[in-house]
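Each chain, written out:
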Amino acid sequence: MGIYLVDYENVHCDGLTGIAELSKHDSVVIFYSTSAYTIDINVLVNTKAKIKFIKAECGTANALDFQLVTFLCRNAKKSKKYYVVSGDRGFMPAINMLHEYDITVDEIPCIRAAIEKNKEEKKEADDTDNIIQIDLAQNDNTSKGIGSYYENKVAENDPVTEIGVIIMNKLGVYPAQDMMDMVIKGLKTTYSKAEFYLYCTQNMGPAAGQTFYSKLKKVYPEMVQLSYLVS
């Protein structure tokens, strides 16, 4: 289920492209103003999605944008996925802040862009095991089982292995060396959960990165502290 918040002043009818492909579980909230209030009814009649119109109060610069963000923040739930349909990059600071609170929000130029993105993410999710994989070389170093081997490494106060064990406890597998290198670099170069989220999706792909982040977001502060000890 997706909730689409349309900045109609910015995208007009072009932003509604793909609305006919939505299901009854989707919702589209169209923010409009006296500057942009004419909508071709034919665009809306063929969709199964729930439609809501909100007329923005004008009188100040970016009035509609502020009202859209207020609506989003007021109604956002962690269990749902939101899309801001706009070409105005001014929404990004608010979107990044919402990521800090584990709210899933993306900005897209039109509804179809989200549909295509979701298809691509599903495909990438099927390939996640190719990105997050067991380090077989290290696992083969012990015949006593993966747990005892890494517990001994942690006992040696190796921060890299401690981070690896944290990941293993969340994912069920110990990450391969190239994955560990990438994660540690991300921990050292990001300064918030939102930045780490973006780092993961940029380096692992949207689907795998989001899956990886969602499983590790609660232990992000702990991993950051350990990364400071990695030379």
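Just above, that's the structure.
Keep in mind the model is a prediction, meaning the values are calculated, not measured.

> Before we go on, may I ask you to explain the environment of Arg-89 in this structure?
Inspection of the secondary structure assignment puts Arg-89 in the loop between β4 (81-85) and α4 (92-100). The exposure class assigned to Arg-89 is exposed, which follows from its relative accessible area of 54%. When the C-alpha atoms of Arg-89 and Glu-107 are compared, they prove to be 8.3 Å apart, with 18 residues separating the residues in sequence.

> Which parts of the structure should I look at to understand the sheet that holds β4?
Either a parallel or an antiparallel arrangement is found when strands of a sheet pair, and the pairing is made through backbone hydrogen bonds. One open sheet accounts for 5 strands, arranged β3-β2-β1-β4-β5; its pairing is parallel. Each of the sheet's edge strands pairs with one partner strand only, and the pair in question is β3 (50-55) and β5 (104-108). On average, adjacent strands in this sheet sit at an angle of 20° to one another, irrespective of strand direction. Bridging between strand β1 (residues 2-7) and strand β2 (residues 27-32) involves 5 bridges; their strand directions are parallel. Looking at β2, one finds that Tyr-4 is bridged to Val-28. Here helix α3 (residues 63-75) sits on the sheet and contacts β1, β2, β3, β4 and β5; the angle it forms with β1, its principal contact strand, is near 165°. Sitting on the sheet, α4 touches β4 and β5, and the angle it makes with β5 is about 160°.

> What's the story with the pairing of β5 in this structure? I'm lost.
Residues in a regular strand point their side chains to alternate faces of the sheet. Most of β5 is tucked away, with 5 of its 5 residues classed as buried. Summarising the sheet, β4 and β5 pair through 5 bridges and their orientation is parallel. Pairing of Lys-81 across the sheet is with Thr-104, part of β5. Regarding the hand of the β-α-β motif, the stretch spanning β4, α4 and β5 is right-handed.

> Any chance you could explain the pairing of β4 here in plain terms?
A large share of β4 lies buried, amounting to 5 of its 5 residues. In β4, alternate side chains face the same way, and those of Lys-81, Tyr-83 and Val-85 on one face and Tyr-82 and Val-84 on the other are all buried. Of the pairings in the sheet, the one linking β1 to β4 comprises 5 bridges and is parallel in character. Within the sheet, the bridge partner assigned to Val-6 lies in β4 and is Val-85.

> Mind showing me how you'd approach the packing of aromatic side chains here?
According to the stated counting rule, one finds 5 aromatic pairs in the structure shown. Look at Tyr-32 and Phe-53: their rings are 6.4 Å apart centre to centre, the planes differ by 80°, and that puts the pair in the edge-to-face class. Linking Tyr-32 in strand β2 with Phe-53 in strand β3, this pair joins segments that are 21 residues apart in sequence. On the basis of an interplanar angle of 75° and a centroid distance of 5.2 Å, the ring pair of Tyr-197 and Tyr-213 is categorised as edge-to-face. Of the two residues, Tyr-197 sits in helix α10 (residues 193-204) while Tyr-213 sits in helix α11 (residues 206-216), which places them 16 residues apart along the sequence. Comparing Tyr-197 with Tyr-213 shows no difference in burial state: the two are buried.

> Please clarify how the side chain of Asp-26 should be interpreted in this entry.
Looking at where Asp-26 falls in the secondary structure, it is placed in the loop between α1 (8-11) and β2. Lys-50 provides the closest opposite charge to the buried, salt-bridge-free Asp-26, at an N-O distance of 7.9 Å. Polar side-chain contacts of Asp-26 include one of 2.8 Å to the backbone nitrogen of Ser-23. The residues touching Asp-26, leaving out its near neighbours within four places in the chain, are Met-1, Gly-2, Tyr-4, Ala-49 and Lys-50.

Analysis parameters
- Residues numbered from 1 in each chain as written.
- Predicted model: local features only at pLDDT ≥ 70, side-chain atom pairs only at ≥ 80, totals over all residues.
- Heavy atoms only, no water.
- Helix = DSSP H or I, 4+ residues; strand = E, 2+ residues; numbered from the N terminus.
- Buried < 20%, exposed > 50% of the residue type's maximum accessible area, 1.4 Å probe, protein only.
- Pairing = 2+ DSSP bridges.
- Axes fitted to C-alpha atoms, helices over the stretch in contact; angles between N-to-C directions.
- Contact = heavy atoms within 4.5 Å.
- Right-handed = clockwise from strand over helix to strand, strands pointing away.
- Phe/Tyr/Trp six-rings, centres within 6.5 Å; stacked < 30°, edge-to-face > 60°.
- Lys, Arg positive; Asp, Glu negative; His and termini not counted.
- Salt bridge = Lys/Arg side-chain N within 4 Å of Asp/Glu carboxyl O.
- Polar contact = N/O pair within 3.5 Å; in protein donor to acceptor, adjacent residues only side chain to side chain.

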